[in-house]
Amino acid sequence: MARTFSGIQPSGGMHLGNYLGAVRNWVALQDKHQCIYCVVDLHALTTAPNPADLRANTLTTAGLLMSAGIRPNDSTLFAQSTVGEHAELAWMMECTVGFGELRRMTQFKDKSDRTEFISAGLFTYPALQASDILLYDTELVPVGEDQRQHIELCRDIAERFNNRYGETLAVPSHMIPKAGARIMDLQNPQDKMSKSLDSPGTIGLTEDNTSIARKFKRAVTDSDGEVRYDPAAKPGVSNLLGILAAATNRTPEAVGEDYSQYGALKTDTADAVIDLLAPIRQSYAEFMSDPTEITHLLAIGADKARVVASATLQRAKDNAGLILHNNSYNNSNG
């Protein structure tokens, strides 16, 4: 079974773009892959979140992942900060990646333009992300389209490390679903749906039906009245077609053939999304009735992850020439 790894930030409630772009694919992979999924709370520190909010959001995100279908008994699900090997290997990855490579990352440019304080962590974010992936000898990384550049950089980092120190790290490949891989904001269809921008065009996974229907009714389209899938010329209409296609397991082009009016398209897309999210919302309410169970399951996942991560880190340190801890020496010398 191929080993897959992916992670998600606990920066707020998960939204439809997270689910259709990545998480639903994660769920499907569990039947044929050895899956490792991580709530990347260390990455969330780049935005200096309120500590209580970060802790609560980490549990919320884990609860939503399990509600969406991630099975802790079949997959490894844990919080990034509870496996210290992530931060330690990240330093070695920072020493492997180039300044120019980090400066060219599109997400860094986008996020740094929206904040006055730009942390060094935001700049070196891809190095920690590479550490997350490479710790587990990952073969496949299921991600949304927006993460393609980061995975390509991760591959470059792994290959450079291996060229310097010998074969140490597995070089992963990305896996991007064909349908629904990039869900856009309903009000700003030029921008991807985002939980961090607090936009009225974002659909939360636990949002009530009335709110979902209202947001789709108000979704931005255009003035020419023609329904067709053309993301460049018709981003709003194409986004609706992409969402409906992903929710009903069809192609956007095929869905477009069924409609001649925007109103019907909006209504049917809203209904499909409501039906899609209803079981997730019900399961989430059950999980959150006892958050201690989520904490317990994350701890079990961290123990499983640490077995693999510690072996990879030791191999990387050994090959790079770092002094390794010698338990037998310490035990014999008190």
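Engineer: Break down the packing of helix α1 (residues 16–29) against helix α12 (residues 262–288) for me, with residues and values.
Structural biologist: Across the interface, α1 lies against α12 with an axial gap of 12 Å and an inter-helix angle of 75°. Between α1 and α12, the crossing angle belongs to the class labelled roughly perpendicular. Between α1 and α12, the contacting residues are L16, Y19, L20 and R24 on the first element and V273, L276, L277 and I280 on the second.

Engineer: Would you mind going over the packing of helix α4 (residues 85–94) against helix α13 (residues 291–320) in detail, with residue names and values included?
Structural biologist: Interaxial distance between α4 and α13 falls to 10 Å at its minimum, and their mutual angle equals 25°. As the angle between them shows, α4 and α13 are arranged roughly parallel. Crossing handedness for the pair α4 and α13: left-handed. Contacts between α4 and α13 pair E85, E88, L89 and M92 from the former with R306, A309, S310, L313, A316, K317 and A320 from the latter. Considering only residue class, the contact of α4 with α13 consists of six nonpolar, one polar and four charged.

Engineer: Any details on the pairing of strand β2 (residues 33–39)? Residues and values, ideally.
Structural biologist: Summarising burial for β2: six of the seven residues are buried, a large majority. Handedness of the strand β1 (residues 2–8)-α1-β2 crossover: right-handed. For β2 and strand β3 (residues 76–79), the ladder comprises four bridges, and the chain directions are parallel. When the bridges of β3 are listed, V39 appears paired with A79.

Engineer: Lay out the nonpolar core in plain terms, naming residues and giving numbers.
Structural biologist: By size, the foremost hydrophobic cluster in this structure holds 55 residues, and its most contacted members are L16, L65, I203 and F216. Put simply, the parts of the chain that give this core at least two residues each are β1, α1, β2, α3 (51–68), α9 (209–217), α10 (235–248), α12 and α13. When residues of this core are assigned to their parent elements, the largest contribution, 10 residues, is made by α12. I203 has contacts with H15, L16, L186, M193, I212, K215, F216, V273 and L277, leaving out every residue within four places of it along the chain. Counting 35 residues, the second-largest nonpolar core is a separate cluster that includes C38, L89, M92 and A309.

Engineer: Any details on unusual backbone geometry? Residues and values, ideally.
Structural biologist: Residue D137 is not a glycine yet carries a positive backbone phi of 50°. With respect to the helices and strands, the residue D137 is situated in the loop between α7 (120–134) and β4 (140–142). Residue D137 is classed as partly exposed on the basis of its relative accessible area of 27%. Positioned with a positive phi, N249 is a non-glycine residue whose angle comes to about 60°. Topologically, N249 is positioned in the loop between α10 and α11 (252–256).

Engineer: Can you lay out α12 for me, pointing to particular residues and giving the numbers?
Structural biologist: Taking 1.5 Å of rise per residue, 27 residues should cover 39 Å, and α12 covers 37 Å from first to last C-alpha, within 8% of that figure. The principal kink in α12, of about 35°, is found at L277, preceding the proline P279 by one to four residues.

Engineer: Describe α1, and please don't skip the residues or the numbers.
Structural biologist: An ideal rise of 1.5 Å per residue puts 20 Å on 14 residues; α1 measures up with 19 Å between its terminal C-alpha atoms. Along α1, the sharpest kink reaches roughly 40°, centred on A22. Taken across its 14 residues, α1 has 12 buried, putting it largely inside the fold. The set of residues buried in α1 consists of L16, G17, N18, Y19, L20, G21, A22, V23, N25, W26, V27 and L29.

Engineer: Provide a residue-level description of the side chain of Q9, including the pertinent values.
Structural biologist: Examined against the element boundaries, Q9 turns out to sit in the loop between β1 and α1. Its relative accessible area of 12% is what places Q9 among the buried residues. A distance of 3.0 Å separates polar atoms of two side chains, one belonging to Q9 and the other to Y125. In contact with Q9, not counting residues within four places along its chain, are V40, H43, A44, T61, K111, Y125 and K195.

Engineer: Quick rundown of the pattern of salt bridges? Include the residues and the values.
Structural biologist: Under the defined criterion, the tally for this structure stands at 13 salt bridges. As a salt-bridge pair, R228 and D230 come within 3.4 Å of each other at their nearest N and O atoms. Between R250 and D258 there is a salt bridge, with the nearest N and O atoms lying 3.0 Å from each other. Several salt bridges share partner residues, and in doing so they unite D31, R71 and D74 into one network.

Engineer: Please set out the packing of aromatic side chains residue by residue, giving values where relevant.
Structural biologist: Enumeration over the complete set of coordinates arrives at six aromatic pairs. For the ring pair F99 and F123, a centre distance of 5.2 Å and an interplane angle of 45° mean the geometry is tilted. Taken together, the positions of F99 in helix α5 (residues 99–103) and F123 in helix α7 put the pair 24 residues apart, joining distant regions of the chain. Seen from their ring centres, F108 and F123 are 5.1 Å apart, and the 75° between their planes marks the pair as edge-to-face. Of the two residues, F108 is situated in helix α6 (residues 106–112) and F123 in helix α7; the sequence distance between them amounts to 15 residues.

Conventions adopted
Per chain, residue numbering runs from 1 following the sequence as it is written. Selection of residues for local features in this predicted model requires a pLDDT of at least 70, selection of side-chain atom pairs for listing and counting requires 80 or more, and totals for whole chains, interfaces and linings are taken over all residues. Side-chain measures were taken over the full set of non-hydrogen atoms in the model, leaving aside hydrogen atoms and water. Fitted lines through C-alpha atoms serve as axes, helices being fitted only where they are in contact, and the angles separating the N-to-C directions of these axes extend from 0 to 180 degrees. Going along the chain from the N terminus, every DSSP run of H or I of four or more residues is numbered as a helix, and every run of E of two or more is numbered as a strand. By the definition adopted for this analysis, an angle is roughly parallel if under 35 degrees, roughly antiparallel if over 145, roughly perpendicular if from 65 to 115, and oblique otherwise. Any two residues having at least one pair of non-hydrogen atoms within 4.5 Å are treated as being in contact. Each crossing gets its hand from how the near helix is turned against the far one by less than a right angle, where anticlockwise is left-handed and clockwise is right-handed. Residues were grouped as follows: Ala, Val, Leu, Ile, Met, Phe, Trp, Tyr, Cys and Pro as nonpolar; Asp, Glu, Lys and Arg as charged; and all remaining residues, including Gly, as polar. Using a 1.4 Å probe on the protein chains alone, a residue whose accessible area is under 20% of its type maximum counts as buried, one over 50% counts as exposed, and one in between counts as partly exposed. When the strands point away from the viewer and the path from the first strand over the helix to the second turns clockwise, the crossover is right-handed. Following DSSP output, two strands are said to pair if at least two bridges run between them. To qualify as a nonpolar core, a set must consist of buried Ala, Val, Leu, Ile, Met, Phe, Trp, Tyr and Cys residues joined through side-chain atoms within 4.5 Å. Multiply 1.5 Å by the residue count of a helix minus one, and that product is the helix's expected span. Given a residue, its bend is the angle between the two axes fitted to the seven residues that end at it and to the seven that start from it. Polar contact criterion, stated in full: a pair of N or O atoms within 3.5 Å, where within protein one must be able to donate a hydrogen and the other to accept it, and residues adjacent in sequence count only if both atoms are side-chain atoms. One side-chain nitrogen of Lys or Arg within 4 Å of one carboxyl oxygen of Asp or Glu is enough to make a salt bridge. Any pair of Phe, Tyr and Trp rings, taking the six-membered ring for Trp, is counted once the centres come within 6.5 Å. Such a pair is stacked with planes under 30 degrees apart, edge-to-face with planes over 60 apart, and tilted for the rest.

Functional significance is not addressed by these values, which are geometric in nature.
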